[in-house]
Amino acid sequence: MKTPDPREHNTRIEQAGASDESIQDVHAILAREKPEPHEGYSPMPLFVLGFVSAIIFIGAIYIVRHRAGFDPLAYDERYDPSMAATNAAPVKVDPIAEGKKLFMTCAACHQPTGQGVPGVFPPLVKSEWVNGSEDRVIRILLNGLSGPVKVEGNTYNNAMPAFGPGGYGWSDEKISYILTYVRQEWGNTGAPITPEKVAEIRKAVGQRKPWAAEELEAIK
Amino acid sequence: MEWFFYAFAFVFALLVTASAVYGLYWSSKHGQLRDFEKGAASIFDETEPVGVPTDFFPKKAKKKKDARKLG
Amino acid sequence: MASGTNLSESLNPATSSEAVKRAELSEIDASTKIPALFFLCSALGWILIGTIFALIASFKMHTPGFLGDAEWLTFGRVRTAHLNAVIYGWASNASFLVIIWLMARLSRSLLRHPILLLTAGVFWNVGVTIGIYGILTGDSTSIEWLEIPPYATPLLFVAYALMGVWAVIMFRFGKSPHIYVSQWYILAALFWFPWIYSVAQIMTIWAPARGTVQALVNWWFAHNVLGLWFTPIGLASVYYFLPKVLGKPIHSYYLSVLGFWSLAIFYNWAGVHHLVGGPVPAWVQTAGIAASIMMLIPVVVTGINHHMTMIGSFNALRYSPTLRFIVFGAVNYTLVSVIGSFMSLRGWAEITHFTQHTIAHAHHGLYAFFTMVMFGAIYYILPRLLLKEWPSAALISVHFWATAVGSLIMVLVLTVGGFHQGLLLNTPKLANTLGLQPGTDPVPFLEVVRVMNKYLVSRSLSGILIFVGHLAFAVNVVWMLLKPRSAEVTAPTLFRNPPEMEVVTR
C-alpha cells in the first residue's frame, strides 16, 4: 500500500476521522474549551478620565490667560503684549501736574512753599534765576550748583545736587516738567521749558562738576 | 561661567526626562502595567496572606496581671 | 553565608547557596536590624531635639524675652535649627529607616554588609550635628532649607550616595518579579533628592546664580524636598502599611500607578508658587500655579484609593496603632495638598503670603501627614525588628491623641491666624476693593502683632501637647529596647489576634 504523503490532502484519512465517534467526541470537548483567561489592559475608569481631563483643561486655560506673553520682563500676569503694541500713541502728560509731583524732592530744601530757608536755601518764589534764562536754570538742574550765589539780594552758600548725569539721573522729560512747574507757581512768570531744550543742553555740557554762580552769570 | 551651569542643568533635565520616559517604557515592557490585581496582592504571601490583619495593640497590662494570677 | 571574596559576588543572592530560595520575611527583617535600629534611634533623638527647638522658637514669638540672653538661642538661629533638625534629622532618618526596611521586604532580598549602611548613617548624622552646631553658632547660610553651612554638606552628600546605591543594589538583586508601587516611589525619591540637593547647593551656595534665579532655585529645591523626597516616602509607606495591616490589597492598583506618574510629572514645577507676586516673570509664576492645580490629579486619585481600601474596615482603627497613624496621615495628605493647590492661586496667595498660614501649611504637610505616617511605620517595623511587642498600649494612645490633637490645633489656629494677619496687612487695598472709605490708613504693624498674639500662644500650647506625645513615644521605644524578649514569640508576624478581630475577606 502506498504510504500516504502527509503533505498531500489525504481524503481517505479525513473521511475515516469524520466517521469515528471517539475522535468526534474528543474534538467536541476541545472545541468547547475557552482560551485561558488573562487580564487585558483595563480601561481608565470614566470618572478618573473626566476628572483628569477637567483639571488639564483648567490648567491650560489658566496658563493661556496669565502667560503675559511669556515676556521675561513682565511681572504682572495681566500684561498683554498685543495691547501694548497697539497703544503706540503716547499718553498726554500735563507737565505742570507731573512737575508738582516731582516737587516733593525739591521741597526738602526749598520748602513746600518755595520760600527756601533764610541763609541756608535760596527761595524759588520770584527768583531771578528761576524766571530768567532757560540755559542757566537747565544747567543748574543738570549738574548742580555750589558755592556762593546771590538770590533776590541775599547770598547763599550751599550745594545743590545734580539731577542729571552723574547725579539723580533724571530724564529730559522730568527736568522739563519740574522746571515748567516751578516757573509758573507762586506767581512766577517764567515760560515753560521743553524736553528738547533740556536734551540740547545736556548734549552740550554732559556730565561735569557743579556750576559756580560766576560761570552761570556768564551765560545768557 | 553662568552659561555653563545652565547648559549643565538643561542637559541633566533632559536626562531626567529621558529616564522617566524610559522608566515608563521599561515598566510596560516588563509587564508591570498588566494584571493589576496580581500587583496589588504581591505584598501578601503564605506567611502573611490576604484576609489576615497583621497589626494589633499589645495585650493590655491588666490582662497580663489576670493571666499571672490564674497561672 | 558567602565569604567576602568578591563584593559583587557576596551581594548577588544567586551566588550564595543559602539565598537561592526566596528569603523568608522574618529573615529579611532580621538582616536589616542593625542599620534600621540605628536610623530609628537617631530619628527619635532628632525629633526630641527638634521639638525642643520648636518650643523655644514658638515661645519667643509671643514672649521675645524668653531665654533672651542666650546668643545661641536667638530666634533666627533656634528657628533655623528647628527646621533643619526636623527635616534632615528626624524626617530624613525616618525616611532612611523606611527605605531600608521596605526595599528589603519588597525586593525579597536580604540586606548584606549592613555595617556599610551603618557607616553611611553615622556620616549623615555627624553631618547634621555639625550643621546644626554651625547654625547655632551663627554660620547659617540664610537660604531657607539650605542653612546647613558648606563645611557640613559634603558629608551629607556622601552618606546619601552610599545609601542610595545600597537601596538600588537591594532592588537590582531582588527576587520579586513585580515592582510594587512603594518601590517605584522609593527608587524615584532616591533618584530625585540627590539631584535637587546638589543643584540647589551649587546654584545658591557654591557658585551662586545671579538675581532672582537664586530665589527660584531656592524654592524649587525647598518645595521639591517636600514633594519629591518626603511625599514619595510617605506615600510608599501608606501604600504598603495600609493594605498590610488590613490584610486587604489596595483598592485599585491602577490608580496608584497613575498617581505615581502624575506626581512625577507635575510636582517639580510647582515650587514657584512660593514666589507668587514676587519679582519673577509672570509666566514662570503661572507655570508654578498651573502645576499646583494639576497636582489635584495625583492627590485625588491617591485619596480615592486609600479611602476605598479603608471602606468597611474603619473599625480596625480601634485595634491597630499603625493604622491610626497611617490613616490620620493619609487623610491629611489629601487635605494639605488640596489646600496647597488653592493656596497657590494669586488671589489666595495675596492674602496669605508672609503670614502664619504658610507655617500652618508646612506643619500640616510635614507633621500631620509625613511625621504621623512615619510614626505608623515605626509602630509596625520595630516589633518585627526586635521580635518583641510594644510594652504599653496606654503610651501608644497618649502618643496618638496628643500628637493628633496637638497638630490639628496648631494647623487650625495658624490657618485662621494667618488669614487674619493677611487681611489686616492688606487693609488699604482691601478697603478700596470693598468700596470703603478711600484712603483708609493701613493698620499699624504693632496692631497686627498684638492681634496675632493669641494665635501664637495657642500654637505654643499645642506644641507642648505634641511634645508630650513625643515623650510618650520615646519612653515606649526605650522601654521596648530594654525589655527582655518573650520566649513564645518566634517570628515577627505571629502576634495573637484579639477575638473580636474577624478575618477580613475581600
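Criteria and cut-off values
- Numbering of residues starts from 1 in each chain and follows the order in which that chain's sequence is written.
- Written order decides the labels, with chains lettered from A and ligands numbered from 1.
- Only residues with pLDDT of 70 or above have their local features reported here, since the model is predicted, and side-chain atom pairs are shown and tallied only from 80 upward, although totals for entire chains, interfaces and linings are computed over all residues.
- Side-chain numbers come from the whole structure's heavy atoms, not from hydrogens or water.
- Residues enter patches when they are more than 30% accessible in relative terms and free of salt bridges; like-charged ones are connected within 9 Å and nonpolar ones (Val, Leu, Ile, Met, Phe, Trp, Tyr) within 5 Å.
- Each accessible area value is a Shrake-Rupley result obtained with a 1.4 Å probe; residue values ignore everything except the protein chains displayed when judging cover.
- Take a side-chain nitrogen of Lys or Arg and a carboxyl oxygen of Asp or Glu: if they are within 4 Å of each other, that pair is a salt bridge.
- Runs of H or I in DSSP of at least four residues are treated as helices and runs of E of at least two as strands, each being numbered from the N terminus.
- The criterion used for residue contact is that any of the two residues' heavy atoms lie within 4.5 Å.
- In these notes, a set of buried Ala, Val, Leu, Ile, Met, Phe, Trp, Tyr and Cys residues joined through side-chain atoms within 4.5 Å is what counts as a nonpolar core.
- Throughout, exposure labels follow a simple rule: accessible area from a 1.4 Å probe, protein chains only, divided by the maximum for the residue type, with under 20% read as buried, over 50% as exposed, and the rest as partly exposed.
- Domain extents, as shown, originate in an automatic or database domain assignment.

*Asks:* Give me the lowdown on a nonpolar patch on the surface, citing residues and values where you can.
*Replies:* Residues and elements named next belong to chain C. Together, V398, V457, L461, I464 and V468 line one region of the surface with nonpolar side chains, adding up to about 370 Å² of accessible area. The element contributing the most residues to the nonpolar patch is helix α17 (residues 445–482), with 4 residues. Following the sequence through the fold, V468 ends up in helix α17.

*Asks:* Describe the side chain of C:H353, naming the residues involved and giving the relevant values.
*Replies:* Positionally, C:H353 belongs in the loop between α13 (346–352) and α14 (356–386). Beyond its immediate stretch of four places on either side in the chain, C:H353 contacts C:H273, C:H274, C:L275 and C:V276.

*Asks:* A description of the nonpolar core should follow, citing residues and the corresponding values.
*Replies:* With 176 residues, the main nonpolar core has C:W90, C:W124 and C:W229 as its most contacted residues. Top contributing element to this core by residue count: helix α4 (residues 75–107) of chain C, with 20 residues. Those residues in contact with C:W229, other than ones at most four positions away along the chain, are C:S92, C:S95, C:F96, C:I99, C:Y160, C:A189, C:F193 and C:N224. By size, the runner-up hydrophobic cluster in this structure holds 32 residues, among which are A:C106, A:I138, A:I178 and A:L216.

*Asks:* Tell me about the domain arrangement of chain A, and name the residues and values.
*Replies:* When cut into domains, chain A gives domain 1 (48–86) and domain 2 (95–217). Its C-alpha centre places domain 1 of chain A at a distance of 47 Å from the equivalent point of domain 2 of chain A.

*Asks:* Account for unusual backbone geometry, naming residues and giving values.
*Replies:* Residues and elements named next belong to chain A. With phi around 70 degrees, Q111 is a residue other than glycine that occupies positive phi space. Relative to the helices and strands, Q111 resides in the loop between α5 (95–110) and α6 (128–131). In this model, K126 sits at a positive phi of 55 degrees, which is unusual for a non-glycine residue. Tracing the backbone through its elements, the reader meets K126 in the loop between α5 and α6. A residue is classified by how much of its surface remains accessible, and K126, at 54% relative accessible area, is exposed.

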